[in-house]
Amino acid sequence: MSGSGLHNWNRLVLIFVALFTLLMVLFPKITEAGSKTAIIIWANSIVPVLLPFFIFSDFIKRTMDLSRLPIRIYPFVVAVLSGYPMGAKVVSDLVEQGSFSKSAGKWVLSYSLVTGPAFLMGTIGSFLGSSKGAVIVVISHYVGAMMNGWLWSSSMGERRDFIQSHKDCQANGRKNGGEGGYLEHFTEAIIGGFKAMALILAYLIVFMIGIDLLETAGVFRLIGNETISSLIKGLLEMTAGANMVGLCNISLPLKTVLISFLVSFGGFSVIGQSMSMAQSLGIRLPELVKIKGTHGLIAGILAGLLVQVML
């Protein structure tokens, strides 16, 4: 992004933050209600499932040499262990280390920006009320990620510009792995898990307040369809939207397809988190939206095929 483009983007962000803050001051009850809803979803559906998984997956990363994995697979594996938006952070770190170019990093990100199976089977499974539906979401999400990587490989000409060898990457992984006993690593994993939970809650609160402000403005009344309104809310905040789709009076196969799309797209909440962690990639918002948009569409199509034989 050029200097003027970055300046305009920063100005737009500042205007949005100022406007959003003003709206929260003008509508304190909406702000309170949105925050409470976000906290309820976070406490009941996210923390019980994700926090233990985050802690132990972080502990595994700290005590095992995952850098022995092929460099193109490593970000995907860590993302599966940690969930959104860890894939963006790992790819960004590898670009900063010089392991591969920015162009190659964008390609790796196209299939490594995924969430974890605990969230899909636990939280999403509870929204669907079906373990079979959750399995379909899992298959669609991960197979869709691989297909998305293949799709974007044709348009990223420098995708094979991996600067360091696999051996060099392993050396860097060991060098940056840190030292300390298992107890110290476990303590750090606990702290990291709570930090991840706090980040998820913060974004959830912001986007839930935004959704409630749009609700108050009558945007969703104009739409007049519960399912479409829930889908739009999911495009803003994936977890809240998936929960709302799960509550809609529609068939389980349709719920599964829509939620598969939302989970793989991630919503602008996840995209915002990923942007903040992938600054070294130089990736622009439209690029990331396209990458996650194609992932969502592929996952939705796969889910549509799978529900025919599994539900």
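Residues numbered from 1 in each chain as written. Predicted model: local features only at pLDDT ≥ 70, side-chain atom pairs only at ≥ 80, totals over all residues. Heavy atoms only, no water.

Undergrad: Honestly, the pattern of salt bridges in this entry has me stumped. Any pointers?
TA: Counting across every chain of the model gives 4 salt bridges. Lys36 is the partner of Glu32 in a salt bridge, and the nearest nitrogen-oxygen pair spans 2.9 Å. Taken together, the residues Glu32 and Lys36, both in helix α2 (residues 28-63) and 4 residues apart, mark about one turn of the helix. The residue Lys233 makes a salt bridge to Glu215 at a minimum N-O spacing of 2.9 Å. Residue Lys233 is located in helix α11 (residues 226-236), and its partner Glu215 is located in helix α9 (residues 182-216); the two are separated by 18 residues in the primary sequence. (Salt bridge = Lys/Arg side-chain N within 4 Å of Asp/Glu carboxyl O. Helix = DSSP H or I, 4+ residues; strand = E, 2+ residues; numbered from the N terminus.)

Undergrad: So what exactly am I meant to see when it comes to the side chain of Ser140 here?
TA: Structurally, the position occupied by Ser140 is in helix α7 (residues 131-153). Looking at Ser140, its side chain comes within polar contact range of the main-chain nitrogen of Ala303, at 3.3 Å. What Ser140 contacts, discounting residues up to four positions off in sequence, is Ser260, Ala299, Leu302, Ala303 and Leu306. (Polar contact = N/O pair within 3.5 Å; in protein donor to acceptor, adjacent residues only side chain to side chain. Contact = heavy atoms within 4.5 Å.)

Undergrad: Please explain the nonpolar core as it appears in this structure.
TA: A general tendency of soluble globular proteins is for nonpolar side chains to be buried together. By size, the foremost hydrophobic cluster in this structure holds 72 residues, and its most contacted members are Ile124 and Met197. Leaving out residues up to four positions away in the same chain, Ile124 has contacts with Phe119, Val137, Ala242, Ile259 and Val263. (Core = buried A, V, L, I, M, F, W, Y, C linked by side-chain atoms within 4.5 Å. Buried < 20%, exposed > 50% of the residue type's maximum accessible area, 1.4 Å probe, protein only.)

Undergrad: Would you explain the packing of aromatic side chains in this entry?
TA: For any pair of aromatic rings, the description consists of the separation of the ring centres together with the inter-plane angle of the planes. A full pass over the atoms with the stated rule returns 6 aromatic pairs. Taking the centre distance of 6.2 Å and the plane angle of 50° together, the rings of Phe59 and Tyr182 count as tilted. With Phe59 in helix α2 and Tyr182 in helix α9, the pair connects residues that are 123 residues apart, well separated along the chain. Judged by relative accessible area, which is 59%, Tyr182 ranks as exposed. Measuring from ring centre to ring centre gives 6.0 Å for Phe261 and Phe265, while their planes differ by 5°; the resulting arrangement is stacked. With Phe261 and Phe265 both in helix α13 (residues 252-265) and 4 residues apart, this pair spans about one turn of that helix. As far as burial versus exposure is concerned, Phe261 and Phe265 are alike and both buried. A connected cluster of aromatic rings, assembled from ring pairs, spans Phe59, Tyr182 and Phe186. Positioned over the ring face of Phe220 is Lys233, at 4.7 Å from the centre of the ring. (Phe/Tyr/Trp six-rings, centres within 6.5 Å; stacked < 30°, edge-to-face > 60°. Lys NZ or Arg CZ within 6 Å of the ring centre and 35° of its normal.)

Undergrad: When you look at α9 in this model, what are you seeing that I'm missing?
TA: Side chains of residues three or four places apart in an α-helix project in the same direction, reflecting 3.6 residues per turn. Here α9 contains 35 residues, and its C-alpha end-to-end distance of 51 Å stays within 8% of the 51 Å for a straight helix at 1.5 Å per residue. Just downstream of α9 lies Gly218, where phi reads positive at about 85°. (Expected span 1.5 Å × (residues − 1).)

Undergrad: Honestly, helix α5 (residues 102-112) in this entry has me stumped. Any pointers?
TA: By the criterion of burial, α5 is predominantly enclosed, with 10 of the 11 residues buried. Every buried residue of α5 is accounted for by Ser103, Ala104, Gly105, Lys106, Trp107, Val108, Leu109, Ser110, Tyr111 and Ser112.

Undergrad: When you look at unusual backbone geometry in this model, what are you seeing that I'm missing?
TA: Across the chain, the bulk of peptide bonds are trans and the bulk of non-glycine residues have phi less than zero. Residue Pro85 is bonded to the preceding Tyr84 through a cis peptide linkage, with omega at -10°. Here Pro85 is to be found in the loop between α3 (74-82) and α4 (86-96).

Read these as spatial facts, not as claims about activity.
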